[in-house]
Amino acid sequence: MNKLTNDLSHVTEADRANVWHHLLQHKSLETTDPRIIVKGLGLRIWDQHGAEFIDAVSGGVWTVNVGYGRESIANAIRDQLIELPYWAGSGGTIPGALFSEKLLTKMPGLSRVYYANSGSEANEKVFKMVRQISARLHGGKKSKILYRERDYHGATIGTLAACGQEERAMQYGPFPDGFVAVPHCLEYRAQWDVENYGERAADAIEEVILREGPDTVGLLCLEPVTAGGGVIVPPKGYWQRVQEICKKYDILLHIDEVVCGMGRTGTWFGYQNYGIQPDFVTMAKGVASGYAAISCCVTTEAVFEQFKDASDKLSYFRDISTFGGCTAGPAAALENMRIIEDEGLLANTVAMGERIMANLNALMEKHKVIGDVRGAGLFAGAELVADRATKEPMAEAEVSRVVAEGAKRGVMFGMTNRSLTGFNNTLCFSPALIATPDDIDAITDAVDGALTAVFG
């Protein structure tokens, strides 16, 4: 598909006149056309002008894990919608029951699935559960929620209170009380001069707990690999120490897998790379690869049992997600999981992840503007710097130029975007788990060309 034959000028103008886009300064559309994505197949997408691109960001925000054009997912959704499109989450549905059963086979130690419709909403459910546990069982204590600098957990006012990316939260306060930041764990921008950096970064969490008072802290919320904050893989020793700290102070551990879940790092969930056992896991984006809206808050039987008390009319979790009752989501998610299993996409993610990291490291030898390369599976980042010796971050405008030059070369990749003041300087890559060696090489070849075009 090299050229579209239909004239879509009316669609372009309708979009410009009526749609309020995400993450876009619309002043730019006074002089340029909005890009309309009209078709996708595999890793490729086409815009309204017929231009073809490799999508190296899985739908722009790490979502389309199994690629475009999956008729079997579309058919599963169609069949389910004809049978039953919706029933509120206070009751059950066949796809809801069957997907929860299938999902939990991949998550030993966890046993209950609460359905919602977005990552923000799933994370908010955890925060509400923790606050309710605090009110009912701890006399209002252990209500504080710890989150990590550079992590992101959603766009609601509640989840922005737990936002470690200050530019995401600016101008949206005041926020709810009881949310406390802990230091990030990016060794490339080290906060401590030690050999065992991972353990030291985890110990910094304990220092915050002791400062706040262990009897006030109920939850620690972390991404397994920080996503929009710069693709940060925690250093060796970090996660084991985090688990020890949570157990020591009776703090529930919440792993936000909205980005990393469903195979992105080469395991079903990112936390499974580290041998830890969380109390909550949330997921969204890749659960149905964007074919339907679905998110899940998954927890343990121990947490679930705390909401069962027939003598107290307020004891149960008095929450609802209207669109958590849509059956298209779990129907699509079941087929999505089948595809990942049957096509061996976890193994492919590991292999292609190694290839993209090798290619990016080779580019770092060629281009002095790459200061650091990091990632896990098909989730990679390249941090751009103006000076390798001082690690001065590359100006955001220059990083944006690299992204634009990549698109000119037929590849769409991303960057940290309005997240961290002075540090929106990391290129982000997350192609679908179906990527081939040729796809990976084409992506990094475009990066090579883009860096050369901008910096020489």
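Residues numbered from 1 in each chain as written. Predicted model: local features only at pLDDT ≥ 70, side-chain atom pairs only at ≥ 80, totals over all residues. Heavy atoms only, no water.

As annotated in an unreviewed UniProt entry, the protein carries the name Aminotransferase class III-fold pyridoxal phosphate-dependent enzyme and is attributed to Paenirhodobacter hankyongi. The Cofactor (unreviewed entry) comment attached to the protein in UniProt states, word for word, "pyridoxal 5'-phosphate". According to UniProt, the comment filed for the protein under the heading Sequence similarities (unreviewed entry) is "Belongs to the class-III pyridoxal-phosphate-dependent aminotransferase family." (UniProt positions renumbered as here; feature names shortened; annotations may be inferred.)

Caption draft 1: Broad picture of the environment of F413. Note that F413 resides in the loop between strand 14 (411–412) and strand 15 (414–415). Placed 359 residues apart in sequence, F413 and I54 show a C-alpha to C-alpha distance of 8.7 Å. (Helix = DSSP H or I, 4+ residues; strand = E, 2+ residues; numbered from the N terminus.)

Caption draft 2: Layout of unusual backbone geometry. The omega torsion across G173 and P174 is 5 degrees, close enough to zero to call that bond cis. One can find P174 in the loop between helix 7 (166–169) and strand 6 (179–182). Although it is not a glycine, M262 sits at a positive phi angle of roughly 60 degrees. Within the secondary structure, M262 is located in the loop between strand 8 (252–256) and strand 9 (280–283). Given the relative accessible area of 1%, M262 is considered buried. A positive phi angle is found at K391, which is not glycine, with a value near 65 degrees. Counting through the fold element by element, K391 comes out in the loop between strand 12 (380–387) and strand 13 (392–393). A residue is classified by how much of its surface remains accessible, and K391, at 29% relative accessible area, is partly exposed. (Buried < 20%, exposed > 50% of the residue type's maximum accessible area, 1.4 Å probe, protein only.)

Caption draft 3: Quick peek at the sheet that holds strand 10 (residues 295–299). Pairing in this open sheet of seven strands is mixed, and the strands run 4-10-9-8-7-5-6 from one edge to the other. The two strands at the open ends of the sheet, each matched to only one other strand, are strand 4 (112–116) and strand 6. Within the sheet, the average angular offset between the axes of one strand and its neighbour, ignoring direction, is 20 degrees. Across four bridges, strand 9 lies against strand 10 in antiparallel orientation. Paired with T282 across the two strands is C297, which belongs to strand 10. (Pairing = 2+ DSSP bridges. Axes fitted to C-alpha atoms, helices over the stretch in contact; angles between N-to-C directions.)

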